[in-house]
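Structural description and commentary
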Amino acid sequence: MKTICNTPILGFAAFSGTGKTTLLEQLIPKLTQAGLTLGVLKHAHHNFDIDQQGKDSYRLRKAGASQMLISSRYRHAMITETAHQEAAFDDLLLQFDHQQLDLILIEGFKSQSFPKIELRRKALDNPWMHPTDSNIIAVASDIDFDCPLPSFDINDLEAIAQFIIDTITGQTAPTPESAVASCDTLSPAFLSVEQGIERILNEVSPISGVQQRAIEESFNYVLASDIVCNMNVPQYANSAMDGYAIRDEDVHLPRFTLVGEVMAGQRYPQPLQAGETVKIMTGAPVPSNGTTVIMREQADTIMDGNIPFITFNKASIKAKQNVRLAGEDLAIGQNVFNQGRIIGAAEMGMLASLGIVDCSVKPKLKVAIFSTGDEVQHPSEPLSENCIYDSNRYALMGLLKPLNCEVIDLGILADDHLAIEKAVSQAAEQADLILTTGGVSVGDADYIKDVLDKNGNIDFWRINMRPGRPLAFGTIGDTPFFGLPGNPVATMVSFINFVQPAIRKMQGVNNWTLNKLQAIASEPLRSRHGRTEFTRGIYQVNEQGQLVVASTGTQGSGILRSMSEANCLILIDPLYAKVKAGESVTIIPLP
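Residues numbered from 1 in each chain as written. Predicted model: local features only at pLDDT ≥ 70, side-chain atom pairs only at ≥ 80, totals over all residues. Heavy atoms only, no water.

1. Things to note about the environment of proline 8
Its place among the elements puts proline 8 in the segment before β1 (9-13). Sequence separation of proline 8 and leucine 101 is 93 residues, and the distance between their C-alpha atoms is 9.0 Å. (Helix = DSSP H or I, 4+ residues; strand = E, 2+ residues; numbered from the N terminus.)

Here you go:
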């Protein structure tokens, strides 16, 4: 398990000339004196060198080295050339030694999504940023103004430093007017959705075990072994439609003598003679040499005395037409389905058509789920003051059912360390996967985090997405564990994007990917640049046959009704801050 950083980060948003570097230079000593170990990431808009011309490292880099590591007794530095593409913000953060840091200060990168303090000086007459940038958590300025965020005099370095220290140590009390709640406010949305999925899939493995299932009970199970064809499909050459069978070499003849009729389940017992035809039904075996069938709509019957003759419209007759050959669909020894295939209705039908009555499948994945918190109640109980009903556990049950998982419901656990520890240990022994919701933010004081630290190998991540930013993932013993966000919609969105791919891999499903479609936005959709947005939406086909989509309205992560009204998630890429009506977007149909 790779360790993912949870180091708080804080940027300073300001227009050029405000004095960001000068303020940082004066602020850093005050923060270090308070005992914080700092990292600093600065973005430069121009080319720069950090070693001097003529020095060995400079000469070697200019000679063509794409990476140059310089080391001395007192410091070392890695210089990496990025001639083709500027280094990504997330990749730069990964290069810090996060185990040694309490806080990373950021200068620049103002288009990225992370917490910032806005700096503004009256002399520059620039516009305010905080009204339109929800990343800004405080303001420092020499202007008197009303602001809902914590505000400081830009020259009062003591107050700014104390605000940062209090926030890091979790001493700043949350208020409705303030964006600052705890150290979690400054925790970076460190991983993209794709990076999070990749890391999870690298950690989970298919479960062991095989069981036999009757075909009628195999729906939604995953094949544990290949299915090889034991017969030709079809078994014999047969007619693809109702019509008349003739010899291939007779297609030029003007008329044919009707010598018999072949129904489904019957066979004409002898070869056709020149000029003979038999009436034949769809699926019936064609005569041994009668491998051309003319549809009956092209035929006319004429009588010559008591003898019926058949004539055809010759313009559309071709030899060997309208005949399905033996083994055309599947031949003996051919692979029908590979292991890892999910058995659906069509697969059940195909297996039955081969005379297969049972097959080897992977056992159901056992998934343990539980909720924690003294404030969470079962829906059957009278709702106490300051409490909520447990909705997340039932939503997870509904999401797990179509994935053919066996749910181990451990109910609601109170905020009791021993009870949670016992439940986690029990779940790890009984289940292949553990799911819980809530208590996964860095600043949370939930008991479950202590239990996980003691009994497992868990990383608390920040995913650059909305809803569903916090995510815990790791193992309890050898059992994978997911700690999903507490908000109901965030729980479901995180399950769809992270848990579902892990389940499919653990079930042994081959090359599974989340179903995504393209649709036309019927209304403007907003997001934040640099962050993946999952908007609840309703898609439908318009009169022109196009797939169109609109949002369900208000998108708060606690508004469960919007999820029940939606039939898809609208995925807005981090590259876009908004989508205009008429533009194409990606949608994820909901189960």
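Now that the structure has been shown, we can carry on.
2. A word on the sheet that holds strand β14 (residues 276-280)
Spatial ordering of the open sheet is given by β15-β12-β14-β13-β17-β16, a layout of six strands whose pairing is mixed. Edge positions in the sheet fall to β15 (292-295) and β16 (299-304), since each has one partner strand and no second. Sheet twist, expressed as the mean angle between neighbouring strand axes with direction ignored, is 40°. Looking at chain direction, strand β12 (residues 243-246) and β14 are connected through three bridges and run antiparallel. When the bridges of β14 are listed, glycine 243 appears paired with isoleucine 280. (Pairing = 2+ DSSP bridges. Axes fitted to C-alpha atoms, helices over the stretch in contact; angles between N-to-C directions.)

3. Examining the sheet that holds strand β29 (residues 479-484)
The strands making up a sheet associate through backbone hydrogen bonding, with each pair oriented either parallel or antiparallel. The strand order across the open sheet built from six strands is β24-β21-β25-β29-β28-β26, with neighbouring strands paired in mixed fashion. Each edge of the sheet is formed by a strand with only one pairing partner; in this case those strands are β24 (405-413) and β26 (456-462). Going across the sheet, the axis of each strand differs from the next one's by a mean of 20°, ignoring polarity. As defined by bridge partners, β26 adjoins strand β28 (residues 470-476) across seven bridges and the pair is classed as antiparallel. What sits directly across from phenylalanine 460, in β28, is alanine 472.

4. Let's talk about the confidence of the model for the protein
In the predicted model, the protein carries a mean pLDDT of 85, and the fraction of residues at 70 or more is 87%. Contacts for the low-pLDDT stretch residues 171-184, under 50 throughout, to residues beyond four places or in other chains number 34 contacts. (pLDDT = per-residue confidence, 0-100. Contact = heavy atoms within 4.5 Å.)

5. Here we look at the packing of aromatic side chains
Pairs of aromatic rings are described using the distance from one ring centre to the other and the angle between the two planes. Across all of its chains, the model carries five aromatic pairs by this definition. Ring centres of tryptophan 128 and phenylalanine 145 lie 4.3 Å apart, and the angle between their planes is 35°; this geometry places the pair in the tilted category. Here phenylalanine 145 lies in the loop between β7 (136-141) and β8 (151-153) and tryptophan 128 lies in the loop between β6 (116-120) and β7, a separation of 17 residues in the sequence. Tryptophan 128 gets classed as partly exposed once you look at its relative accessible area, which sits at 25%. By relative accessible area, which is 27% here, phenylalanine 145 ends up partly exposed. Arranged with centres 6.0 Å apart and planes meeting at 55°, the rings of tyrosine 244 and phenylalanine 312 form a pair that is tilted. Residue tyrosine 244 is located in strand β12, and its partner phenylalanine 312 is located in strand β17 (residues 307-312); the two are separated by 68 residues in the primary sequence. What makes phenylalanine 312 buried here is its relative accessible area of 8%. It is lysine 116 that lies over the ring of phenylalanine 114; its NZ or CZ is 4.4 Å from the centre. (Phe/Tyr/Trp six-rings, centres within 6.5 Å; stacked < 30°, edge-to-face > 60°. Buried < 20%, exposed > 50% of the residue type's maximum accessible area, 1.4 Å probe, protein only. Lys NZ or Arg CZ within 6 Å of the ring centre and 35° of its normal.)

6. A word on helix α6 (residues 345-353)
Along α6, the residues that are buried comprise Glu347, Met348 and Leu351. In a view along the axis of α6, the buried residues occupy a sector of 100°, so they form one face of it. Exposed residues on α6 whose side chains face more than 90 degrees from its buried face are Ala345 and Ala346. For α6, the elements touching its buried residues are β10 (227-228), β19 (335-337) and β20 (358-361). Among the residues trailing α6, glycine 355 stands out with phi positive, at a value near 80°. (Arc of directions from axis to C-beta.)

7. Some words on unusual backbone geometry
For the bond from valine 233 to proline 234, the omega torsion is -5°, close enough to zero to count as cis. Tracing the sequence through the fold places proline 234 in the loop between β10 and β11 (238-239). Residue proline 467 follows arginine 466 across a cis peptide bond; omega there is -5°. You can see proline 467 is positioned in the loop between β27 (465-466) and β28. Phi is positive for asparagine 404, which is not a glycine, with a value near 60°.

8. Here we look at the nonpolar core
The biggest cluster of nonpolar side chains holds 41 residues, and the ones touching the most others in it are Leu433, Leu435, Phe482, Phe495 and Ile503. The set of elements that each furnish at least two residues to this core consists of α5 (193-203), β21 (365-372), α7 (392-400), β25 (433-437), β28, β29, α10 (488-506) and β34 (568-572). In terms of residue count, α10 provides more of this core than any other element does, ten residues in total. In this structure, Ala14, Leu24, Ile160 and Ala161 belong to the second largest nonpolar core, which totals 25 residues. (Core = buried A, V, L, I, M, F, W, Y, C linked by side-chain atoms within 4.5 Å.)

9. Describing the pairing of strand β36 (residues 584-589)
Of the strand pairs in this sheet, strand β30 (residues 517-521) and β36 are connected by four bridges, and their pairing is antiparallel. Within β36, the residue paired with glutamine 518 across the bridge is threonine 586. Where β34 lies against β36, four bridges are found, and the strand directions are antiparallel. Counterpart to leucine 571 in the pairing with β36 is threonine 586.

10. Notes on the pattern of salt bridges
Under the definition given, this model contains twelve salt bridges. Residues lysine 42 and glutamate 107 are paired through a salt bridge, measuring 2.9 Å at the closest nitrogen-oxygen approach. One end of the pair, lysine 42, is in strand β2 (residues 38-42); the other, glutamate 107, is in strand β5 (residues 103-107), with 65 residues separating them in the sequence. On the basis of relative accessibility, which here comes to 7%, the residue glutamate 107 falls in the buried class. (Salt bridge = Lys/Arg side-chain N within 4 Å of Asp/Glu carboxyl O.)

11. Side note on the packing of α5 against α10
Running from N to C, α5 and α10 cross one another at 30°; their axes reach a closest spacing of 10 Å. Considering the angle they form, α5 stands roughly parallel to α10. In this structure, α5 crosses over α10, and the sense of that crossing is right-handed. Of the residues in α10, those in contact with Val193, Gly196, Ile197, Ile200 and Leu201 of α5 are Asn497, Phe498, Pro501, Ala502 and Lys505. Its residues assigned to classes, the contact of α5 with α10 shows seven nonpolar, two polar and one charged. (Parallel < 35°, antiparallel > 145°, perpendicular 65-115°, else oblique. Left-handed = near helix turned anticlockwise from the far one by under 90°. Nonpolar A, V, L, I, M, F, W, Y, C, P; charged D, E, K, R; others polar.)

12. Overview of the side chain of serine 239
When you line up the elements, serine 239 lands in strand β11. From its side chain, serine 239 meets the backbone oxygen of methionine 241 in a polar contact 2.4 Å long. Beyond its immediate chain neighbours, meaning those up to four positions away, serine 239 contacts Ile280, Met281, Thr282, Gly283, Ala284, Val286, Val293, Asn322 and Arg324. (Polar contact = N/O pair within 3.5 Å; in protein donor to acceptor, adjacent residues only side chain to side chain.)

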